[in-house]
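Examining the three-dimensional arrangement
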Amino acid sequence: LVTRSGDVWTNSETSHRFALYRKGTLRIVDGVAAPSRISEMVEGPDGSIWARTANYDAELLRFHDGQWRTFNAADGLPPSNVTNMLVAADGAIWVACTSAVVGLAAGGARFQTVGLTPRGALSQDSQGRIWLSDDSGSYPLTGPGGRGQPPSMRTPYRTGAEQIQLGPLFDREG
């Protein structure tokens, strides 16, 4: 992961330790090693680093203010594989799993289930709506700003299997 400040975060597949490359120096980050392989990292608007593990039971790690915190089923994550995660413009983190989509509001302590779904990929449009793309197509999960109910749709927008892997991309027109 390359952060907005230019730092590079990585994770060793064998030791499960995190390392940070900053200003020409690579150093091991103090704290816990990941419980398993890390399959995705994203940066939050507050500079926090979110890491998704490859564990079957959903598990996320967050590095914020020099401290690691683990999020798992006790924090509202479903007991299934995480397929992808998205940090929204408002700082909320959205997680698509093989059984459900969950969200954690910025500053929140517990993930809330948004819907029970098959495997899918998350994305956000220019109005802040959160979208899910799955085998049935792409459709909004929220209204503008990541809040409220989505507009009613008769059928999802059609997407192929290739688009589901990464989620749709939106241009400035939406």
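The structure reproduced in this document is the subject of the present report.

The rules behind these values
- Residues numbered from 1 in each chain as written.
- Predicted model: local features only at pLDDT ≥ 70, side-chain atom pairs only at ≥ 80, totals over all residues.
- Heavy atoms only, no water.
- Helix = DSSP H or I, 4+ residues; strand = E, 2+ residues; numbered from the N terminus.
- Rg over C-alpha atoms; globule rule 2.2 N^0.38 Å.
- Buried < 20%, exposed > 50% of the residue type's maximum accessible area, 1.4 Å probe, protein only.
- Contact = heavy atoms within 4.5 Å.
- Areas by Shrake-Rupley, 256 points an atom, 1.4 Å probe, with all protein chains shown as cover.
- Lys, Arg positive; Asp, Glu negative; His and termini not counted.
- Charge placed at Lys NZ, Arg CZ, Asp CG, Glu CD.
- Pairing = 2+ DSSP bridges.
- Axes fitted to C-alpha atoms, helices over the stretch in contact; angles between N-to-C directions.
- Core = buried A, V, L, I, M, F, W, Y, C linked by side-chain atoms within 4.5 Å.

Considering the overall build of the chain
On a plain count of helices and strands, the chain comes out with one helix and 14 strands. Its C-alpha atoms give the chain a radius of gyration of 16 Å, near enough to 16 Å, the size a compact globule of 174 residues would have. Its C-alpha atoms put the chain at 50 × 35 × 30 Å along the principal axes. Counting only residues that meet the buried cut, the chain has 44% of its 174 residues in that class. Contacts spanning at least 24 positions in sequence make up 33% of the contacts within the chain whose residues lie at least 6 apart. With an accessible surface of roughly 9500 Å², the chain has 49% of that area assigned to carbon and sulfur atoms. Computed over 16 positive and 17 negative side-chain charges, the inter-centroid distance for the chain is 2 Å.

Some details on the sheet that holds strand E8 (residues 82-87)
On the basis of which strands lie adjacent, the open sheet formed by four strands has the order E8-E9-E10-E11 and antiparallel pairing. The outermost strands of the open sheet, each flanked by one partner alone, are E8 and strand E11 (112-116). Here the average twist between neighbouring strands, direction ignored, is 20°. The pairing of E8 with strand E9 (residues 93-97) spans five bridges and is antiparallel.

Considerations on the pairing of strand E10 (residues 100-104)
Counting buried positions over the five residues of E10 gives five, a clear majority of the element. The alternating pattern of E10 places Ala 100, Val 102 and Leu 104 and Val 101 and Gly 103 on opposite faces, both of which are buried. Taken together, the four bridges between E9 and E10 define a ladder with antiparallel strand orientation. Residue pairing for E10: Ile 93 is matched across the bridge by Leu 104. Here E9 folds back onto E10 in antiparallel fashion, the turn holding two residues. With four bridges joining them, E10 and E11 adopt antiparallel strand pairing. Within E11, the residue paired with Ala 100 across the bridge is Leu 116.

As for the nonpolar core
Membership of the largest hydrophobic core comes to 15 residues, with the highest contact counts inside it found for Trp 50, Leu 60, Leu 77, Ile 93, Val 95 and Phe 111. Looking at this core, the elements with two or more residues in it are E8, E9 and E10. Residues within four places of Leu 77 in sequence aside, it is in contact with Ala 58, Glu 59, Leu 60, Phe 71, Asn 72, Val 95, Val 102 and Phe 111. In this structure, Leu 20, Ala 34, Ile 49 and Ala 51 belong to the second largest nonpolar core, which totals twelve residues.

Purely geometric stuff here, so don't read any function into it on its own.
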